[in-house]
Amino acid sequence: MPQIQPSISRQELLCAETPAAPCGMVVFGASGDLARRKLIASLFELYKRQLLGEQFFFLGCGRKHLSDDDYRNIAADSISDSTTTPEQLSSFLEKIYFITGAYDDAAFYEDIAGRLAELDAKYNTGGNHVYYFAVPPAIYGTIAEHLGNAGLSCKGSPECRRRAKLVVEKPFGRDLKSAIVLNEQIQNHFSESQIYRIDHYLGKETVQNILMLRFANAIFEPLWNRNYIDHIQITIAESLGVEHRAGYYDRSGALRDMFQNHMLGMVGLVAMEPPASFGADHIRDEKVKLLRSIRPLEPGADEPTVVAGRYIAGQIAGRDVCAYRREEGVAPDSTTETFVAAKVFVDNWRWKGVPFYLRTGKRLAKRLTEIAITFKTVPHSMFASIGLEDMPPNVLVLKIQPNEGINLSFQAKRPGSKTCMSTLTMNFNYAEVFGAEAPEAYQRLLLDCMVGDQTLFTRQDDVEISWTLLDPVLNVMARGELPPFDYPAGVESFGHADALIEADGRKWRPILEVE
Ligand code: BG6
């Protein structure tokens, strides 16, 4: 197995992370799942790593009647970390507060403004606030408007704008029209430089590593095009079902929940042209340019380019799981898809004719996210005379999760007097090489937002172009013309999804075989 040595020492100075500026984090929907599962734990981790200083506080906002202490107990339960000392935990929890009110009541925002003034004075946070919308998207506009009317959005002067930031969770709209309306509602009170549209996939180490791999190494980029690449497969498979989010998911489905954001985000990074620099707008410009080059999807065409699926009862890791339509909170006659596969082409000089096969689904055989780049086979086999006519292609796999890393497969001679060939894999594993698990994506994104770096956040033109691509599919789905096919929970794939790729003489990569 080849040894891989990271040359990290000379980078150490550059690698030092920038601590957050003094700031109050104001979370709407603070008693909800996202805040409890991700935000509090990530903020605590930043605090432990001294990236959040003492000039920090957290103000949870929600409809539930909770005292500061009630909410601190909830927060403490979200932090399950054996390396935490009681002192660290209590000094973090002391900075947490909660305020109750109705999101559509102007008086609530007056109360928030009053509380913020007190907390700013106490923590010396200089009026810097991050407002985080961890609420259903239907009320984003209402909250933004009330924040504006209460004078909290700070749109006025550039100096003030730097003090108020807004983090918006996906989905940003349900389609192009609603995304434009939502954006107008928010931009009435916040300018684009204040808006951080979060796509947590972009915060994953291995997703960011796509840019490093491509643009910090000379050997890949010359091959990264239609002359050498046969096709690309991107898989986001989940073994989980809808858990307790059926209310949201049944109105969204896989296309809105995973494709419009995470999937197209990864397509953008893997296929974009080299940005002029690592600046937020240079990277986002290239991503948008790439998305604009994607050929419009034609779901109704004779040869299917989009396939939808919905899980029925099955087994995952030996455990029986129920059908999607039997999940609590899902309509028994739901038409929502829990799986989507698509064949996509990027019509530009680099990618013309190279298919991108994309698939994502819930309740598949196991959790796996990867980008597999399959190169063209050798043009001629000099080993044909000894029976080695068909050489397997080289495949470069960017393993996003779990077991983050990179694999490259290639052919080699097996030891012995015969000329026998084996396919070997060079395997780089993040955790083994860097000695640590990749940090939770939200840590990176929350910190970036607090230091004012928008690189990993989605710009409005990106949102609009991705909805433009998906609207035709959503329309066909809404008319019932792309009904989801049943697949048993726990499968790696199913017939109709296979047909999409097999029509081109290729196969999906097996999900279960990946370690
Ligand atoms: C979220 C989706 O954005 O991503 C969920 O709303 C999905 O439905 C989740 O389960 C997957 O994220 P991860 O990081 O576990 O791959």
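Residues numbered from 1 in each chain as written. Predicted model: local features only at pLDDT ≥ 70, side-chain atom pairs only at ≥ 80, totals over all residues. Heavy atoms only, no water.

S.K.: If you had to explain the overall build of the protein to someone new, which residues and values would you point to?
M.R.: The secondary structure content of the protein amounts to 15 helices and 17 strands. Expressed along its principal axes, the backbone C-alpha trace of the protein runs to roughly 80 × 60 × 45 Å. Every one of the 515 residues in the protein was classed for burial, and the buried ones make up 52%. Expressed as a percentage of contacts within the protein between residues at least 6 apart in sequence, the contacts between residues at least 24 apart total 76%. Put simply, the protein shows about 23400 Å² of open surface, and 53% of that area lies on carbon and sulfur atoms. The average position of the 55 basic charges and that of the 66 acidic charges among the side chains of the protein differ by 3 Å. (Helix = DSSP H or I, 4+ residues; strand = E, 2+ residues; numbered from the N terminus. Buried < 20%, exposed > 50% of the residue type's maximum accessible area, 1.4 Å probe, protein only. Contact = heavy atoms within 4.5 Å. Areas by Shrake-Rupley, 256 points an atom, 1.4 Å probe, with all protein chains shown as cover. Lys, Arg positive; Asp, Glu negative; His and termini not counted. Charge placed at Lys NZ, Arg CZ, Asp CG, Glu CD.)

S.K.: Give a detailed account of the pairing of strand 1 (residues 23-28), specifying residues and quantitative values.
M.R.: The buried count for strand 1 comes to six of six residues, which makes it a mostly enclosed element. Burial along strand 1 is two-sided: the residues Cys23, Met25 and Val27 and Gly24, Val26 and Phe28 are all buried. One ladder, built from six bridges, connects strand 1 with strand 2 (residues 56-62); its direction is parallel. When the bridges of strand 2 are listed, Phe28 appears paired with Cys61. Crossover connection from strand 1 via helix 2 (residues 33-48) to parallel strand 2: handedness right-handed. (Pairing = 2+ DSSP bridges. Right-handed = clockwise from strand over helix to strand, strands pointing away.)

S.K.: So what about the sheet that holds strand 5 (residues 164-168)? Which residues, and what values?
M.R.: Strand order in the open sheet formed by six strands is 3-2-1-4-5-6, with parallel pairing between adjacent strands. Pairing within the sheet leaves two strands with one partner each, and these edge strands are strand 3 (96-100) and strand 6 (195-197). Strand-to-strand, the axes of this sheet are offset by a mean angle of 20 degrees, without reference to chain direction. Here five bridges tie strand 1 to strand 4 (residues 129-133), and the two strands are oriented parallel to one another. Bridging across to strand 4, Val27 finds its partner in Tyr132. (Axes fitted to C-alpha atoms, helices over the stretch in contact; angles between N-to-C directions.)

S.K.: Describe the site of the ligand, and please don't skip the residues or the numbers.
M.R.: Looking at the ligand, the residues that line it are Lys170, His200, Tyr201, Lys204, Glu238, Arg245, Asp257, Met258, His262, Lys362, Arg367 and Gln401. Within the contact set of the ligand, an oxygen atom lies 2.8 Å away from a side-chain nitrogen or oxygen of Arg245. Its residues assigned to classes, the shell around the ligand shows two nonpolar, three polar and seven charged. (Near = heavy atom within 4 Å. Polar contact = N/O pair within 3.5 Å; in protein donor to acceptor, adjacent residues only side chain to side chain. Nonpolar A, V, L, I, M, F, W, Y, C, P; charged D, E, K, R; others polar.)

S.K.: With reference to specific residues and values, describe the packing of aromatic side chains.
M.R.: Here a ring pair, both rings aromatic, is described through the centre-centre distance and the interplanar angle of the planes. Scanning the entire structure with this criterion turns up 25 aromatic pairs. Following the ring pairs from residue to residue traces out a cluster consisting of Phe28, Tyr103, Phe108, Tyr109, Phe133 and Tyr140. (Phe/Tyr/Trp six-rings, centres within 6.5 Å; stacked < 30°, edge-to-face > 60°.)

S.K.: Provide a residue-level description of the sheet that holds strand 7 (residues 229-237), including the pertinent values.
M.R.: Strand order across the open sheet formed by nine strands is 16-15-14-13-7-12-11-8-17, with mixed pairing between neighbours. In this open sheet, the two strands that pair with only one neighbour each are strand 16 (421-429) and strand 17 (485-488). Neighbour to neighbour, the strand axes of the sheet diverge by 20 degrees on average, direction disregarded. Here strand 15 (residues 405-413) runs beside strand 16; their pairing, made up of nine bridges, is antiparallel. What sits directly across from Gly405, in strand 16, is Asn429. Along the sheet, helix 9 (residues 205-215) contacts strand 13 (368-375), strand 14 (395-401) and strand 15; its crossing angle with strand 14, the most-contacted strand, is approximately 145 degrees.

S.K.: Talk me through the side chain of Thr369; I want residue IDs and the actual numbers.
M.R.: Within the fold, Thr369 resides in strand 13. With relative accessibility at 0%, the residue Thr369 sits in the buried group. At a separation of 3.4 Å, a polar atom in the side chain of Thr369 contacts the side chain of Tyr201. Once you skip the residues sitting within four places of it in the chain, Thr369 turns out to touch Tyr201, Thr235, Ile236, Met266, Leu398, Lys399, Ile400 and Gln401.

S.K.: I'd love a proper account of the pairing of strand 15, names of residues and values included.
M.R.: As defined by bridge partners, strand 14 adjoins strand 15 across five bridges and the pair is classed as antiparallel. Following the sheet pairing, Val397 is matched in strand 15 by Asn407. In this structure, the hairpin formed by strand 14 and strand 15 is closed by a connection of three residues, where Asn403 is found at a positive phi of approximately 50 degrees.

S.K.: Any chance you could break down the packing of helix 2 against helix 13 (residues 441-451) for me, citing the residues and the numbers?
M.R.: Contact geometry of helix 2 with helix 13 gives a least axis separation of 9 Å together with a crossing angle of 70 degrees. Overall, the two elements helix 2 and helix 13 adopt an arrangement that is roughly perpendicular. Taken as a pair, helix 2 and helix 13 cross one another with a handedness that is right-handed. In contact with Leu34, Lys38, Leu39, Ser42, Leu43, Glu45 and Leu46 of helix 2, helix 13 contributes Tyr442, Gln443, Leu446, Leu447 and Met450. (Parallel < 35°, antiparallel > 145°, perpendicular 65-115°, else oblique. Left-handed = near helix turned anticlockwise from the far one by under 90°.)

S.K.: I'd like a rundown of helix 6 (residues 140-149), residues and numbers included.
M.R.: Across the ten residues that make up helix 6, a large majority, seven, are buried. Regarding helix 6, the residues found buried are Tyr140, Gly141, Ile143, Ala144, His146, Leu147 and Gly148. Tucked into the core, helix 6 has its buried residues touching strand 1, helix 5 (106-123), strand 4, strand 5 and helix 8 (176-187). One or two steps after helix 6, the chain reaches Gly151, where phi turns positive at roughly 80 degrees.

S.K.: Could you give an account of helix 5, with specific residues and numbers?
M.R.: Between its first and last C-alpha atoms helix 5 spans 26 Å; for 18 residues at 1.5 Å apiece the expected length is 26 Å, and the two agree. Taken as a whole, helix 5 has its buried residues at Phe108, Tyr109, Ile112, Arg115, Leu116, Leu119, Asp120 and Tyr123. Each buried residue of helix 5 lies within a common arc of 140 degrees when the element is viewed along its axis, so the set occupies one face. Turned more than 90 degrees away from the buried face of helix 5 sit Glu118 and Ala121, all of them exposed. Summarising the contacts, the buried residues of helix 5 are in contact with strand 1, strand 2, helix 3 (68-78), strand 3, strand 4 and helix 6. (Expected span 1.5 Å × (residues − 1). Arc of directions from axis to C-beta.)

S.K.: Describe the side chain of Thr235, naming the residues involved and giving the relevant values.
M.R.: Inspection of the secondary structure assignment puts Thr235 in strand 7. Within the structure, Thr235 has its side chain in polar contact with the side chain of Arg359 (distance 3.0 Å). With near-sequence residues (within four places) excluded, Thr235 lies in contact with Arg359, Leu368, Thr369 and Glu370.

S.K.: How would you explain the nonpolar core if you had to name every residue and give the values?
M.R.: By size, the foremost hydrophobic cluster in this structure holds 153 residues, and its most contacted members are Phe28, Tyr132, Phe356 and Met450. For this core, the leading source of residues is helix 10 (residues 246-271), giving 13 residues. (Core = buried A, V, L, I, M, F, W, Y, C linked by side-chain atoms within 4.5 Å.)

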